[in-house]
Amino acid sequence: MSGEWPCCEEPLPEMVRHGLERFNAGEYFEQHEILEHVWRAERRPVREIYQGILQIGVACYQIQRGNYAGALKMLRRGLAHLRRAPDRCQGIDIARLREDAQRLLHELERRGPAGSSEPDPRWFLRVFFEG
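Residues numbered from 1 in each chain as written. Predicted model: local features only at pLDDT ≥ 70, side-chain atom pairs only at ≥ 80, totals over all residues. Heavy atoms only, no water.

Some points on the layout of surface pockets
Piece 1. When its volume is computed, the largest pocket comes out at roughly 250 Å³.
Piece 2. Lining the largest pocket are 13 residues, with Asp-100, Arg-103, Arg-122, Trp-123 and Leu-125 sitting closest to its centre. (1 Å grid on protein atoms, 1.4 Å probe; cavity = no way out; pocket = protein on both sides within 12 Å on 5 of 7 lines; lining within 4 Å. Points joined across faces, edges and corners; volume = space filled by probe spheres on them.)

Next comes the structure, spelled out in C-alpha cells:
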C-alpha cells in the first residue's frame, strides 16, 4: 500500500496541522473550514484522509448540536474515507482514529437518539499526530 501512498512519508502540511489542532480543541466548525480547503486543493490519495478527518470532526459538531442522525451519517462517511488509508500517514495515527470513530459509531447506534441527547465528553474524539 505504501507505493500507492508515497505522500504519507512527507511531513504534515502546516494547514493540516492547524486543522487538526482546531479539531482537538473542539473547534469542529473551524477544523472543517481549514481541512476542506486543503482537501479540495489536494489531488493525491492523501486527500481521502483529510476528507475523512474533517467529516469525523463534523460528526462531533453534530453531536454538540444534538443532531444524532447527522452525527451517524458523518461518522460513516468519514470512516469510509479512512478505510483504505495506511495506519499512519504524515505522522497522523489513522489506525487509532479509525478505531475511536468506529467505537463512537457503535456507541451512538447502541444508545439511539434518546440515549445520545446528553453527550458524553468521551465522544469528542482527538486526532493523534506527531509534532
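Description of helix H4 (residues 68-82)
Piece 1. Taking 1.5 Å per residue, 15 residues should reach 21 Å; H4 reaches 21 Å between its end C-alpha atoms and fits that length.
Piece 2. Of the positions making up H4, those classed as buried are Tyr-68, Gly-70, Ala-71, Leu-72, Met-74, Leu-75, Gly-78, Leu-79, His-81 and Leu-82.
Piece 3. Summarising the contacts, the buried residues of H4 are in contact with helix H3 (46-64) and helix H5 (94-115). (Helix = DSSP H or I, 4+ residues; strand = E, 2+ residues; numbered from the N terminus. Expected span 1.5 Å × (residues − 1). Buried < 20%, exposed > 50% of the residue type's maximum accessible area, 1.4 Å probe, protein only. Contact = heavy atoms within 4.5 Å.)

A few points about the environment of Gln-102
Piece 1. Within the secondary structure, Gln-102 sits in helix H5.
Piece 2. In sequence terms Gln-102 and Leu-79 are 23 residues apart; their C-alpha atoms lie 7.4 Å from each other.

Points about the state of the cysteines
Piece 1. What the rule picks out here adds up to one disulfide.
Piece 2. For Cys-8, the disulfide goes to Cys-89, at an S-S distance of 2.0 Å. Since a negative S-S torsion denotes a left-handed disulfide, the Cys-8-Cys-89 link at about -90° is left-handed. In this pair, Cys-8 sits in the segment before helix H1 (14-24) while Cys-89 sits in strand E1 (residues 88-89), placing the two residues 81 residues apart along the sequence. Of the two residues, Cys-8 and Cys-89, both sit in the buried class.
Piece 3. Of the cysteine sulfurs around Cys-7, a residue in no disulfide, the closest is that of Cys-8, at 5.0 Å. (Disulfide = S-S within 2.5 Å.)

Notes on the nonpolar core
Piece 1. Grouped together as the largest cluster of nonpolar side chains are 40 residues, with contacts concentrated most on Ile-49, Ile-53, Ile-92 and Leu-108.
Piece 2. For this core, the secondary structure elements donating two or more residues are H1, helix H2 (28-41), H3, H4 and H5.
Piece 3. Tallying contributions element by element places H3 first for this core, with 10 residues. (Core = buried A, V, L, I, M, F, W, Y, C linked by side-chain atoms within 4.5 Å.)

Some words on the side chain of Gln-62
Piece 1. Structurally, Gln-62 is set in helix H3.
Piece 2. Classification of Gln-62 by relative accessible area gives buried; the value is 14%.
Piece 3. When residues no more than four places from it in sequence are discounted, the contact partners of Gln-62 are Asn-67, Gly-70 and Ala-71.

A word on the pattern of salt bridges
Piece 1. Per the counting criterion, the structure on display carries 13 salt bridges.
Piece 2. The shortest N-O distance in the salt bridge between Arg-44 and Glu-42 comes to 2.7 Å.
Piece 3. The salt bridge partner of Arg-110 is Glu-107, with a shortest N-O separation of 2.8 Å. Of the two residues, Arg-110 and Glu-107 are both situated in helix H5; the distance of three residues between them amounts to about one turn of the helix.
Piece 4. Arg-110 gets classed as exposed once you look at its relative accessible area, which sits at 61%.
Piece 5. Shared partners join several salt bridges into a network, and the residues in it are Glu-10, Glu-42 and Arg-44. (Salt bridge = Lys/Arg side-chain N within 4 Å of Asp/Glu carboxyl O.)

Keep in mind these numbers describe shape, not what the thing actually does.
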